[in-house]
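Structural characterization, general
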Amino acid sequence: MSFNTIPFLFVFFPAALLIFRLVPERAKNIVLVILSLLFYAWDSVSGLLLLIFSMAFNYFAALEIQSLLDHGNRQTARTALITSVVADLALLGFYKYAGFFAGIFGVQTAERELPLGISFFTFTVLSYVSDVYYGKAEAERRPVPYMLYVSLFPKIISGPVVEYRDIVGQLEHHPVKASAFRSGVKLFLIGLFKKVLIADPLGSSFASLRNSGSLASATAWLGMIFYSLQLFYDFSGYSDMAIGIAKMFGFSIDKNFDHPYISDGVTDFWRRWHISLGHWFRDYVYIPMGGNRCSTKRLAVNLMTVWILTGFWHGAGWNFIFWGIYHGAWVLLDRFAIRKIFDTIPRYVRIALTDLIACFGWIFFFSPSIGSAFGWIGNMFGSAHAGFWNGATTYYLYSNLVLLLIAVIFCSPVPGEFIDSISVRNRNSVLIASIGYAVLFIFSIAAIVSNTYTSFLYFRF
């Protein structure tokens, strides 16, 4: 079930809030677990069995690791950790990467349906068993809080990737405060606005542009911009909605995006984009490998390894691996070569160059292969011999000009800061804000009803 559907917005979600509010305190977590499993099963009954198996396996693995640690058997506990990690990654690999590796050796395999959210819930259970082993949290002996951590429905399908140690204190008691509930509603509506009123129209225009035949150079550039903005508003919109829903059930989850397109360097960009995934790779891959407390050569190897794995996590294809290498190389250049040069030029130029680097990378996201990605880049520089500008360029630019301006403006924190400043000065700010968000919701629902359903882009990663 997706957040941007009528069944979720008008049936599941209000029913879930009402039931959660009415049941006794001691039953709230059980109800949330049941609701989360129903939410997941709506789109993937077969995947539910895999999710339950993953939860059960890692629940008992963590208990075994905790018992071994309590008895001083750290080496055996390490073996148990490695075994559980290998089993989790093998499960992920079987469903997500088996076809890719088979293809390398020329073996054709039947296409296998990817279980919903497997990349996210696998990283969730890996966080759990790792935190138990490294002593950052105790193994949870009660099944319900543990199941709630893994399956909590706002984050089960596309994150954010919440590390166990960051939320363990909220699993038993998570009272819903009125201020947090209001904040959650606001964040949810902002996310819905991003998805259905910005990301989806941009995605529709990009799909049409992409299938329009030979592209003029300017049209190819415009397509890259469409997708780059669509991806940001689609995924940051989902994250806002997920975090907002979690707030309405009493959970506090850190933001997943922090205006990445105003970053003034590649490293800064990746501190602002998909923050939870970056933290996961930092805490469970980069730091265990030695982090930055090592030689320059080893540091470069650590960073590049993390980036290759990050690319491969997003998809089983050489284009995703190349995307990881591409950004890993830019992060290394940013750290060791160009940072000092960047610091000497105006900030707006640094932002423009950073966005250009990031947007070129997204071409490898929407392209089915490395060859087609470079083909698109070639079109941007005239390889299609369709000229620099044609009628299609004019059509796609002018029919989306207002949408593009809105999308670019809301990439910065300025609109939000401006609205907040008005709220502080205006006595009727609560009423005005309520009316504004109600209008936003009405327009969003109208867009959902009138347009074809569009899933979130990260559902496919």
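First things first, this report covers the structure right here in the doc.

The rules behind these values
- Residues numbered from 1 in each chain as written.
- Predicted model: local features only at pLDDT ≥ 70, side-chain atom pairs only at ≥ 80, totals over all residues.
- Heavy atoms only, no water.
- Helix = DSSP H or I, 4+ residues; strand = E, 2+ residues; numbered from the N terminus.
- Expected span 1.5 Å × (residues − 1).
- Core = buried A, V, L, I, M, F, W, Y, C linked by side-chain atoms within 4.5 Å.
- Buried < 20%, exposed > 50% of the residue type's maximum accessible area, 1.4 Å probe, protein only.
- Domains from an automatic or database assignment.
- Contact = heavy atoms within 4.5 Å.
- Axes fitted to C-alpha atoms, helices over the stretch in contact; angles between N-to-C directions.
- Left-handed = near helix turned anticlockwise from the far one by under 90°.
- Nonpolar A, V, L, I, M, F, W, Y, C, P; charged D, E, K, R; others polar.
- Disulfide = S-S within 2.5 Å.
- Salt bridge = Lys/Arg side-chain N within 4 Å of Asp/Glu carboxyl O.

A separate point is helix α3 (residues 45–70). Relative to the 38 Å expected for 26 residues at 1.5 Å per residue, α3 spans 38 Å between its end C-alpha atoms, a close match to the ideal helical length. After α3 finishes, the residue G72 shows a positive phi value of roughly 75°.

This brings us to the nonpolar core. In terms of nonpolar packing, the biggest core is built from 140 residues, with F8, F249, W362 and W376 touching the most fellow members. Of the residues forming this core, the biggest block, 17 residues, is contributed by helix α10 (residues 217–248). Looking at which domains feed residues into this core, each of domain 1 (6–173) and domain 2 (180–460) gives three or more. The contact partners of F8, leaving out residues within four places of it in the chain, are M1, S2, F3, F13, P14, F39, F153, F188 and I245.

Now for the packing of helix α2 (residues 28–41) against helix α7 (residues 143–151). Running from N to C, α2 and α7 cross one another at 40°; their axes reach a closest spacing of 9 Å. In terms of crossing hand, the pair formed by α2 and α7 is left-handed. Taking contact as the criterion, the partners of N29, I30, L32, V33, S36 and L37 in α2 are, on α7, V144, M147, L148 and S151. When its residues are assigned to classes, the contact of α2 with α7 shows 7 nonpolar, 3 polar and no charged.

A separate point is the state of the cysteines. Scanning all chains against the criterion turns up 0 disulfides. C359 takes part in no disulfide bond, and the closest cysteine sulfur, belonging to C411, lies 9.1 Å away. Classification of C359 by relative accessible area gives buried; the value is 11%.

Throughout the structure, instances matching the rule amount to 16 salt bridges. The shortest N-O distance in the salt bridge between E163 and R165 comes to 3.1 Å. A relative accessible area of 3% places E163 in the buried class. Across the salt bridge formed by D258 and R272, the nearest N and O atoms sit 4.0 Å from each other. A residue pair is termed long-range when its members are at least 10 positions apart, and D258 in the loop between α10 and α11 (266–272) and R272 in helix α11 qualify at 14 residues. Looking at R272, the relative accessible area reads 16%, which means it is buried. Connected through shared salt-bridge partners, D131, E163, R165, R282 and D283 make up one network.

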